[in-house]
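The chain contents come next:
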Amino acid sequence: HHVILNGVDFEASPRLAAPGQHDGPLRFVYFGQVEPMKGIGALIDAVDDASTAPGAGPFTLDIIGPASASYANELRVDLARRGLNERVRLVGALERASLMTRLPNYDAAVLLLKHEEPFGYAW
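Residues numbered from 1 in each chain as written. Predicted model: local features only at pLDDT ≥ 70, side-chain atom pairs only at ≥ 80, totals over all residues. Heavy atoms only, no water.

K.L.:
Give a detailed account of the environment of Ile44, specifying residues and quantitative values.
P.N.:
Its place among the elements puts Ile44 in helix α1 (residues 40-52). The spacing of Ile44 and Asp78 is 34 residues in sequence and 8.9 Å in space, taken between C-alpha atoms. When near neighbours in sequence (up to four residues on either side) are disregarded, Ile44 contacts Ile63, Leu75, Asp78, Leu79, Arg82, Leu84 and Val88. (Helix = DSSP H or I, 4+ residues; strand = E, 2+ residues; numbered from the N terminus. Contact = heavy atoms within 4.5 Å.)

Structure (structure tokens):
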């Protein structure tokens, strides 16, 4: 088997992430297509549940990627209704170089797949 990392050379990262080795909340990131069939709604549900769970620690989630104007607006309205504006940030689309520079600042990534995608993530 050969794992193809979608053109991402993690060894070339300017610095490695140090999960949890910083002050402040845990920092999660999702990057990719921002569309309903990727499971963004389920991710928001999970954030909502986790943020109100007994003993839940502080955390944030950045959602990075392109979204249609209508879906981005729908997400903003949903986040405001749930009171998650401070916890979830809709960053929008970034150039690949900018994304790769930001990734080491996160503690963990949430990697979502559509049901139709014929592959899985491997570390």
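K.L.:
Account for the sheet that holds strand β2 (residues 59-64), with residues named and values stated.
P.N.:
As summarised here, the arrangement of the 4 strands in space is β3-β2-β1-β4, forming an open sheet in which the pairing is parallel. One side of each edge strand has no neighbouring strand; the edge strands of this open sheet are β3 (88-92) and β4 (108-109). Both β2 and β3 contribute to a ladder of 4 bridges, which runs parallel. Opposite Leu61, over in β3, you have Val88 as the bridge partner. Each of β1 (26-31), β2 and β3 is contacted by α1, which is oriented at about 170° to β2, the strand it contacts most. (Pairing = 2+ DSSP bridges. Axes fitted to C-alpha atoms, helices over the stretch in contact; angles between N-to-C directions.)

K.L.:
Quick rundown of the pattern of salt bridges? Include the residues and the values.
P.N.:
Taken as a whole and assessed by the stated rule, the structure comprises 6 salt bridges. Residue Asp78 is joined to Arg81 by a salt bridge in which the shortest nitrogen-to-oxygen separation is 2.6 Å. Remark: Arg81 and Asp78 occur in helix α2 (residues 69-82); sequence separation between them is 3 residues, near one turn of the helix. On the basis of relative accessible area, Arg81 is assigned to the exposed category, the value being 61%. Beyond isolated ion pairs, a larger network of salt bridges with shared partners links Asp45, Asp48, Asp78, Arg81 and Arg82. (Salt bridge = Lys/Arg side-chain N within 4 Å of Asp/Glu carboxyl O. Buried < 20%, exposed > 50% of the residue type's maximum accessible area, 1.4 Å probe, protein only.)

K.L.:
Give me the nonpolar core: which residues, what numbers.
P.N.:
One finds Tyr30, Val34, Ile40, Ile44, Leu61, Ile63 and Val88 to be the most contacted residues of the largest nonpolar core, which totals 15 residues. Secondary structure elements with two or more residues in this core: α1, β2 and α2. Setting aside chain neighbours within four positions, we find Tyr30 in contact with Lys38, Ile40, Leu43, Leu61, Asp62, Ile63, Ile64, Val110 and Leu112. By size, the runner-up hydrophobic cluster in this structure holds 5 residues, among which are Val29, Ile64, Leu103 and Tyr106. (Core = buried A, V, L, I, M, F, W, Y, C linked by side-chain atoms within 4.5 Å.)

K.L.:
Tell me about the packing of α1 against α2, and name the residues and values.
P.N.:
Packing of α1 against α2 leaves a shortest axis separation of 12 Å and a crossing angle of 15°. Judged on the interaxial angle alone, α2 and α1 are roughly parallel. Helix-helix and strand crossings are classified by hand; for α1 and α2 the assignment is right-handed. Residues Ile40, Gly41, Ile44, Asp45 and Asp48 of α1 form the contact with α2, whose participating residues are Tyr71, Leu75, Asp78, Leu79 and Arg82. Taken together, the residues of the contact of α1 with α2 break down into 5 nonpolar, 1 polar and 4 charged. (Parallel < 35°, antiparallel > 145°, perpendicular 65-115°, else oblique. Left-handed = near helix turned anticlockwise from the far one by under 90°. Nonpolar A, V, L, I, M, F, W, Y, C, P; charged D, E, K, R; others polar.)

K.L.:
For the packing of aromatic side chains, give the residues involved together with the corresponding values.
P.N.:
Tallied over the full model, the rule gives 1 aromatic pair. Arranged with centres 5.9 Å apart and planes meeting at 85°, the rings of Phe28 and Phe59 form a pair that is edge-to-face. Placement of the pair is Phe28 in strand β1 and Phe59 in strand β2, with a sequence separation of 31 residues. Note on Phe28: relative accessible area 25%, which makes it partly exposed. The cationic tip of Arg87 hangs over the ring face of Phe59; the distance from NZ or CZ to the ring centre is 4.3 Å. (Phe/Tyr/Trp six-rings, centres within 6.5 Å; stacked < 30°, edge-to-face > 60°. Lys NZ or Arg CZ within 6 Å of the ring centre and 35° of its normal.)

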